[in-house]
Each structure stands twice: as C-alpha cells, then as structure tokens.
Amino acid sequence: MENLVPFTSIDLGKITHHRSGEIKFGEKMLTIPKGVDSVAFLTESKAKFVLFGIPEDIGVRANFGRPGAASAWESAIKSIANIQHNRFCKGSQLLILGSLDMKNDMKIAENLDFHNVDDRKTFSTLVEKIDKEVSHIIFTIVKAGKIPIIIGGGHNNAYGNIKGTALAKGKPINAVNLDAHSDFRILEGRHSGNGFSYAFDEGFLKKYFIYGLHESYTSKNVLLQLKDLEDRVRFNTYDEIAIRKVKNFEQELNQALTFIKNDFFGIEIDLDSLPNIASSAMTPSGFSVEQTRQFIHHFGQHAHAAYLHICEGAPDLCDEKNPQLIGKLIGYLITDFMKAKSVLEV
C-alpha cells in the first residue's frame, strides 16, 4: 500500500469536536500507529470495518462528467468523526486506513481535454493506474478479514472494489448498484461509466443488479446488451417503481437480494441517483435519502455483503450555505451499513 496516505490519530484529533458529556466517533475510531506493520495491525484489530478514501474525479472527467467528487473524502471524514458513539453504533468498530495519494495524477488530469483523442487515452491510463491501487488495497483489507467502506471518488472505482474483493475471496463476486445509470458501457478505455462492464468482462463480477435505472438516460445499446445478459445482469427502473408504480420498492429489494445473495456481493451507491445532491451528474428526480438508507440496511444485513462503496458525491459543487451536507449524508449511509452488519448492543 505504497501510495496510501495514512490517517493518523493526530489527523483525527484535529477534526473531532469534543464536548463535555458526549463521546464522538473521533474519540473511539482506530488508526494505524506510525511504524507498525499495517497489514498485521489490520488483521489483529478488533474493528470490523475499514474506512478508505479515494479523493479523485479522474474517472468522472474521463467520462465527460463534472469534476468535484475528489472533495467527498475530506467532507465525509469530518462528519464521521463527529457522529455520536453510543449503543446504536460504535466508533470503535471502525478503523480509518487513510486515502489514496491522488495529488500528482489529479494535477495531470486537470490539464487534459476530453475532446482530445490523445488526452482521452491519457485519462484511461490514469484510471487504469487507480484500478491497480484500489484493487490491491481492497484485497488487503478483505484478506485481513475486514469489511471495506470506500468513499469515492468516481464510480470507476467499482472495478477495483470488485476485483480486490474477488481476488481476496478467491472467486468472482456479485454486486448491487443503486444508480441512475448502468455504468455498463462499452470497453472503450477506462472511465466512470464502465467499471462494471470491465469487471464483468475480466471475470471478477459474476452477477450484477442495477437498482433504479433512469429510463431517459440509458441508451438503446445498453438496454439491448442488458437484455442479452439477463441471466447474469438484471435491473429495474426508477420510473417503474416511483412513477408508473408497476413495481414496489420493498418487493424489488427482495428480488434484487434473491438474485445476488448466494455469493459475496458489494453494495454500490451512486449519489447522483438522489435528487438535488451535488454530484457529477446531478438529478432533480430520484429515490429519497430515506429510501437509500433503507436500501443499504436491506442489503447490508445479509452475511454475504462484502463492502460498501459510496461515490460521485461532490461537496465542491454544493450550495455555499451548506457545504457539509454531502459529508453528513455519507456519514448517515455508513452508520446505516454498520448497524445493519452488527448486532445492536442494549
């Protein structure tokens, strides 16, 4: 994990707001001490979950999306540190590994032009580099017997999450993705729109369920491809569930879980599927925050849920009056996952 920026106890102390009579997550979360073998510490740690950040929007830029997702890690970790540690959810169950060092690659990406063919190739090369880093780190976390919680970053990182988990488990895994888009586009060079199709093509992704696809923003070619692969790739649409109401939200949760639950699976949350959430592809229509939390709880409580990935949130694109909202939202989603995976202590 050479390109990892460790998150230290000093870093944690700086962002934790202490208050008399309260115990915050930041007072209980674990960090890896300096000079200690990180893999051994991970393995021996009593924490069940490992938090890892990918502060980049290179994959988003490579997909002609709006940059800004690189800022989600910093916003989220500040909010998470100040969640209350109590009987419902304990900060001591969470170890903060740190974040991928993206500074140099982000500088390169900022000067690239999506419309330039050579620059698009450079974008793809940069994303492939991230893929290798992410898959190695996720492999290390899962192999240590822990559950990764990943804060992106673009949805390109689904590939590294899936590959790393599959390699650690020794077999392909499944995935469920709450998303307005399939991210199953053609293999044209890596970007945020084809992480799942690359993982599928390379044999790391076995079954894939897309939950809440937006009909108006899914191409005919993608729909035809999904139909051809319906034994292993299935979907429902937001329009079927929320607009025409020919499908039921809760029943569809069960249908999706039945499809993927026989093998380990990843839970992918693309924040651009939620209305009015600052993201690379912001939408005015979509599932609510409450439905998203229910989604995470439903899948997270299953024994085969192997990781949680929250991506595409862009605090830098937020209303200036509420820049902390994305971080607070991510904090809610993470604690929902932790609660779903843990027995509540009374």
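In what follows, the structure referred to is the one given above.
The model shown is predicted, which means the values in this text are computed figures rather than measured ones.

A. Up close: the overall build of the protein chain. The secondary structure content of the protein chain amounts to 14 helices and 10 strands. Relative to its length of 346 residues, the protein chain is compact, with a C-alpha radius of gyration of 19 Å against a globular reference of 20 Å. Split into buried and exposed, the 346 residues of the protein chain put 55% on the buried side. Contacts in the protein chain between residues at least 24 apart in sequence constitute 79% of all its contacts with a sequence separation of at least 6. When the accessible surface of the protein chain is summed, it comes to about 15500 Å², and 50% of that surface belongs to carbon and sulfur atoms. Where the 40 positive side-chain charges of the protein chain centre and where its 42 negative ones centre are 6 Å apart.

B. The arrangement of unusual backbone geometry in detail. Residue Gly-153 follows Gly-152 across a cis peptide bond; omega there is 10°. Relative to the helices and strands, Gly-153 resides in the loop between β5 (147-151) and α8 (158-169). Positive phi, normally seen in glycine, also occurs at Lys-245, with a value near 55°. Examined against the element boundaries, Lys-245 turns out to sit in the loop between α11 (238-243) and α12 (249-260). In this structure Lys-245 comes out as exposed when scored by relative accessible area, which is 62%. Non-glycine residue Asn-276 carries a positive phi angle of around 65°. In this structure, Asn-276 sits in the loop between β9 (265-270) and α13 (289-300).

C. Structural context of the pairing of strand β10 (residues 305-311). Taken across its 7 residues, β10 has 7 buried, putting it largely inside the fold. As judged from the 3 bridges shared by β5 and β10, these two strands associate in the parallel manner. Bridging across to β10, Ile-149 finds its partner in Leu-308. Two strands pair when backbone bridges link them, and β9 and β10 are joined in this way by 6 bridges, in the parallel orientation. Across the sheet, the residue bridging to Gly-266 is Tyr-307, located in β10. Note that the unit made of β9, α13 and β10 has a crossover that is right-handed.

D. Quick peek at the layout of surface pockets. Approximately 430 Å³ is the volume found for the largest pocket. Taken together, 19 residues make up the lining of the largest pocket; nearest its centre are Val-5, Pro-55, Trp-73, Glu-74 and Ser-99. If you list the elements that add at least two residues to the lining of the largest pocket, you get β1 (4-6), α1 (9-15), α5 (72-80), β4 (94-100) and α6 (103-110). If you add up the space inside the second largest pocket, you get close to 360 Å³. For the second largest pocket, the lining is made up of 24 residues, of which Asn-63, His-181, Asp-183, Arg-185 and Gly-193 are closest to its centre. The dominant element in the lining of the second largest pocket, judged by the number of residues it contributes, is helix α10 (residues 220-228), at 3 residues.

E. Quick peek at the packing of aromatic side chains. Here the structure, examined in full by the defined rule, presents 16 aromatic pairs. For the ring pair Phe-49 and Phe-337, a centre distance of 5.9 Å and an interplane angle of 65° mean the geometry is edge-to-face. Of this pair, Phe-49 sits in strand β3 (residues 49-53) while Phe-337 sits in helix α14 (residues 325-341); the two residues are 288 residues apart in sequence, bridging distant segments of the chain. A residue is classified by how much of its surface remains accessible, and Phe-49, at 0% relative accessible area, is buried. The class for Phe-337 is buried, based on a relative accessible area of 0%.

F. Local environment of the packing of α13 against α14. Here α13 crosses α14 at 30°, and the two axes come no closer than 8 Å. Relative to α14, α13 is oriented roughly parallel. Handedness of the crossing formed by α13 with α14: right-handed. Residue-level inspection shows Val-289, Thr-292, Arg-293, Ile-296, His-297 and Gly-300 of α13 in contact with α14, the latter providing Leu-329, Tyr-332, Leu-333, Asp-336, Phe-337, Ala-340 and Lys-341. Counted by class, the contact of α13 with α14 contains 7 nonpolar, 3 polar and 3 charged residues.

Conventions adopted
- Residues numbered from 1 in each chain as written.
- Predicted model: local features only at pLDDT ≥ 70, side-chain atom pairs only at ≥ 80, totals over all residues.
- Heavy atoms only, no water.
- Helix = DSSP H or I, 4+ residues; strand = E, 2+ residues; numbered from the N terminus.
- Rg over C-alpha atoms; globule rule 2.2 N^0.38 Å.
- Buried < 20%, exposed > 50% of the residue type's maximum accessible area, 1.4 Å probe, protein only.
- Contact = heavy atoms within 4.5 Å.
- Areas by Shrake-Rupley, 256 points an atom, 1.4 Å probe, with all protein chains shown as cover.
- Lys, Arg positive; Asp, Glu negative; His and termini not counted.
- Charge placed at Lys NZ, Arg CZ, Asp CG, Glu CD.
- Pairing = 2+ DSSP bridges.
- Right-handed = clockwise from strand over helix to strand, strands pointing away.
- 1 Å grid on protein atoms, 1.4 Å probe; cavity = no way out; pocket = protein on both sides within 12 Å on 5 of 7 lines; lining within 4 Å.
- Points joined across faces, edges and corners; volume = space filled by probe spheres on them.
- Phe/Tyr/Trp six-rings, centres within 6.5 Å; stacked < 30°, edge-to-face > 60°.
- Axes fitted to C-alpha atoms, helices over the stretch in contact; angles between N-to-C directions.
- Parallel < 35°, antiparallel > 145°, perpendicular 65-115°, else oblique.
- Left-handed = near helix turned anticlockwise from the far one by under 90°.
- Nonpolar A, V, L, I, M, F, W, Y, C, P; charged D, E, K, R; others polar.

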